Amino acid sequence: MLNADLHCHSIVSDGTLTPAALAQRAKANGVDLWALTDHDELDGIAEARRAADAVGLRFIAGVEISITWSGKTVHIVGLGVDEHNPELRAGLASVRGGRESRGREIAEDLARAGIHGAFEGAMQHAGNPEMLGRTHFARFLVESGVRPTVADVFKHYLVEGKPGFVPHRWGALEQAVGWIRGAGGRAVIAHPARYALTELQRDALIDAFKESGGEGIEVVTGSHTPEEYDSFARVARRAGLLASRGSDFHGVTESGADLGSLPPLPSDLKPVWHDW
Ligand code: AMP
Ligand code: MN
Ligand code: MN
Ligand code: MN
């Protein structure tokens, strides 16, 4: 089966490698079809495509859009989008818009917990100041010796009920799917097991997603356990959704899964790339 890896991040959002370095790593790892999907931002696409072309790697322009659905943060991946589409670009700019003020509030909350200088510290890790996010704060907290690893930070800080958590309103589901489709792309629910949803809520999310024109769901992702591959393969079958596969690679020292390293999709599922 084709080694497709359709989810990863560069320094343009919260990854640690450049788009070109990711392309080279994907190629070296045996990826046949690769997408860059930075959070809420398309500025890495041109470099990624150039670098993929240079090493003979098939490239898909992607993006991972942050949305708020029913009070919860959910991520929608757009694949095969035209990165020049004005509505998509304007939509992403609106989603990014609140990140700086949110970052200041995160820093204020961390200061109340005795951790000072977090805004400036996190900014040092943000390759793109418009995309300041929790991962950059997590790297600052590791650098400051507060916790040993980024994964460990997310158990004690920056999540609901812990210091540095600031609730935030992102885009709307219907808008995000609409922008992706309007730009010629296919919308995919990212890492569906990572949301704190009951089965009923999960099915309502999938219904709303399909009604908006969404077509796919990640089944095999670096953010799922092998048991979750199976349970979301069943969800994909039942809901009639296309299946996607992607490492969600953020960097060599931080990610569970390297580019191109995951098991294949169950063979009866229809891959999101079936007609590409
Ligand atoms: P933000 O969009 O600023 O809320 O940041 C979300 C990012 O934080 C995700 O894309 C992940 O890269 C990272 N993240 C969230 N939860 C975890 C976790 N438990 N472990 C590691 N990284 C996480
Ligand atoms: Mn991320
Ligand atoms: Mn995500
Ligand atoms: Mn991601």
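Residues numbered from 1 in each chain as written. Chains lettered and ligands numbered in written order. Predicted model: local features only at pLDDT ≥ 70, side-chain atom pairs only at ≥ 80, totals over all residues. Heavy atoms only, no water.

Asker: So, the coordination of the manganese ion (ligand 2): which residues are in play, and what are the values?
Answerer: Donor atoms from the polypeptide that bind the manganese ion (ligand 2) are Asp14 (OD), Asp14 (OD), His39 (NE2) and His250 (NE2), placed at 2.2 to 2.8 Å. Taken together, the 6 donor atoms coordinating the manganese ion (ligand 2) and their angles of 51 to 153 degrees define a geometry best described as irregular. Every donor residue of the manganese ion (ligand 2) comes from the same chain, spaced as D-x24-H-x210-H. Between the two metal centres, the manganese ion (ligand 2) and the manganese ion (ligand 3), the spacing is 5.5 Å. Taken together, the positions of Asp14 in the loop between β1 (4-5) and α1 (19-28) and His39 in the loop between β2 (33-36) and α2 (45-55) put the pair 25 residues apart, joining distant regions of the chain. (Donors = N, O, S within 2.8 Å, 3.2 Å for Na, K, Ca; no water. Tetrahedral: all angles 85-135°; square planar, octahedral: opposite > 155°, others 65-115°. Helix = DSSP H or I, 4+ residues; strand = E, 2+ residues; numbered from the N terminus.)

Asker: Outline the pattern of salt bridges, listing residues and values.
Answerer: For the coordinates displayed, the defined rule picks out 17 salt bridges. Across the pair Asp43 and Arg89 runs a salt bridge whose closest N-O atoms are separated by 3.2 Å. Note that Asp43 is positioned in the loop between β2 and α2 and Arg89 in helix α3 (residues 86-96), a separation of 46 residues in sequence. Of the residues examined, Arg89 reaches a relative accessible area of 35% and is grouped as partly exposed. Close ionic contact of Asp152 with Arg147 constitutes a salt bridge, the shortest N to O distance being 2.5 Å. In this structure, a network of salt bridges that share partners links the residues Arg181, Arg186, Glu215 and Asp275. (Salt bridge = Lys/Arg side-chain N within 4 Å of Asp/Glu carboxyl O. Buried < 20%, exposed > 50% of the residue type's maximum accessible area, 1.4 Å probe, protein only.)

By themselves, these figures tell us nothing about what the structure is for.
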